[in-house]
Amino acid sequence: MAVACGVLSFAVAFIRPSPLRAQAGAPKFEVDPYWPKPLPGRWVTGELGGLCVDAKDHVFLVQRVTDVGGMDGHLEGLTDDELNAGQAGPPIIEFDSDGNVVNSWGDSKLLPKDLHGCAIDRDGHVWLNGSEDGIVQEYSHDGKELLLQIGKKGVFDSSDGTVNGKPLNSSTSQFFRVSEIAFDPHNGDMYVADGHAKGKGGNNSRIVVFDSKGKYLRQWKVYRSPEEAASAAAATPHCVRVSNDGLVYVCDRWMNRIQVFDTMGNFKKNMPFSFKIWTPVPPTGVSSRRDAQLVGSCSSVEFSLDAAQKYMYVINEIDEQVDVVDRATGKVLNSFGRPGHQVGEFMHAHTMTVDSKGNIYVGESVDGRRAQKFKLVAAK
């Protein structure tokens, strides 16, 4: 933790300048205040672990509705006040493009613990994972059937098979705190970001690749240069996405950057993203402020819909905004969002997905606990 904070202190020195003007041609977004529609049955949502969208632009919201606690001990389900006034919504809620609930499902006893992502494959099947578990699961689109599970629930790829063991980064059929799943748009291969940092516990730090049937193919670790070996923050692959041109983008969360690989795991480059601390941190006595910076400036990545995927969207969780980025150069062209609890604002922006019209859906964790839709309005 001390090493990580030291790296973060160094990174903060490179703070972002005043907001950039939107550049010509860059996509622009505005919040849709009418999405989603009010939830039925006095449902309340907990922390959002993931969002994903299907071929019909139905959005799947994956949330944590029970007090899973975890190694860091904070409440991830509903508060007492929320439970007194309402009831926990189902773990998986499906919305149509207008924001109406059209389906819901999920048994928390069977699902991965601490849901932390979802993905929908070319067959419309829903894949789920959890940051307090060692499995990934494939469900039918309606959630009625568990089609495949890789790994044994409650078992970890560690020295003793428990969450307290030493990470091994080696198993071909077991994980240790999965962050996210992505699919190769060409052949359907599945890429698993295995290694979500969690409180005082350990975690893996690798990308594991399977074919579309769940057969293991290969794996590689998050990259650290020889110069970084002694000083870099712990490797935490928080997101993974595969581009049309065969590049794999991985959120190296605690190092405030995205790492780019080819599909065989060969490291290509780092793409750093800075952030600004708006309220100065006292030199001593407020360690929680420094710990909060570990959420990083890169927690989720998506691409624009053009064939070349010219633009990349990056959630900067520290600055509570989504950056619109030139994918080739990593230059931030414009941003939307700001910290707060009002419509269009974020508190722990954590996950996102893009529909067939280019609209972006952003899910918030911890203090936000909601999903918002941002419509693609122009490229000015």
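We now turn to the structure provided with this report.

Definitions and cut-offs
Residues numbered from 1 in each chain as written. Predicted model: local features only at pLDDT ≥ 70, side-chain atom pairs only at ≥ 80, totals over all residues. Heavy atoms only, no water. Core = buried A, V, L, I, M, F, W, Y, C linked by side-chain atoms within 4.5 Å. Buried < 20%, exposed > 50% of the residue type's maximum accessible area, 1.4 Å probe, protein only. Helix = DSSP H or I, 4+ residues; strand = E, 2+ residues; numbered from the N terminus. Disulfide = S-S within 2.5 Å.

1. Notes on the nonpolar core
Ranked by internal contacts, the top residues of the largest apolar core, which has 16 residues, are Y313, V322, I360 and V362. Elements represented by at least two residues in this core include exactly β21 (311-316), β22 (321-326), β23 (332-336), β24 (349-354) and β25 (360-364). In this structure, C239, V260, F273 and V325 belong to the second largest nonpolar core, which totals 14 residues.

2. Looking at unusual backbone geometry
At the junction of W35 and P36, the peptide bond is cis and its omega measures out at -5° in the coordinates. Positive phi values are uncommon outside glycine, yet D57 reaches one of about 65°. For D57, the location among the structural elements is in the loop between β3 (47-53) and β4 (59-64). The residue H348 is not glycine, and still its phi comes out positive at about 65°. Counting through the fold element by element, H348 comes out in the loop between β23 and β24.

3. Considerations on the state of the cysteines
As enumerated under the stated definition, the model contains 2 disulfides in all. Linked covalently through their sulfurs, C52 and C118 form a disulfide whose S-S length is 2.2 Å. Judged by the torsion about the S-S bond (-125°), the C52/C118 disulfide is left-handed. A residue pair is termed long-range when its members are at least 10 positions apart, and C52 in strand β3 and C118 in strand β8 (residues 115-120) qualify at 66 residues. Given a relative accessible area of 4%, C52 falls into the buried group. The disulfide partner of C239 is C251, and the S-S distance across this bridge is 2.0 Å. Its S-S torsion of approximately 75° makes the covalent link between C239 and C251 right-handed. Linking C239 in strand β16 (residues 237-242) with C251 in strand β17 (residues 247-252), this pair joins segments that are 12 residues apart in sequence. In this pair, the class of C239 matches that of C251, namely buried. By sequence order of its bonded cysteines, the chain has the disulfide arrangement 1-2, 3-4. Residue C298 stays outside any disulfide, its sulfur separated by 5.8 Å from that of C251, the closest cysteine.

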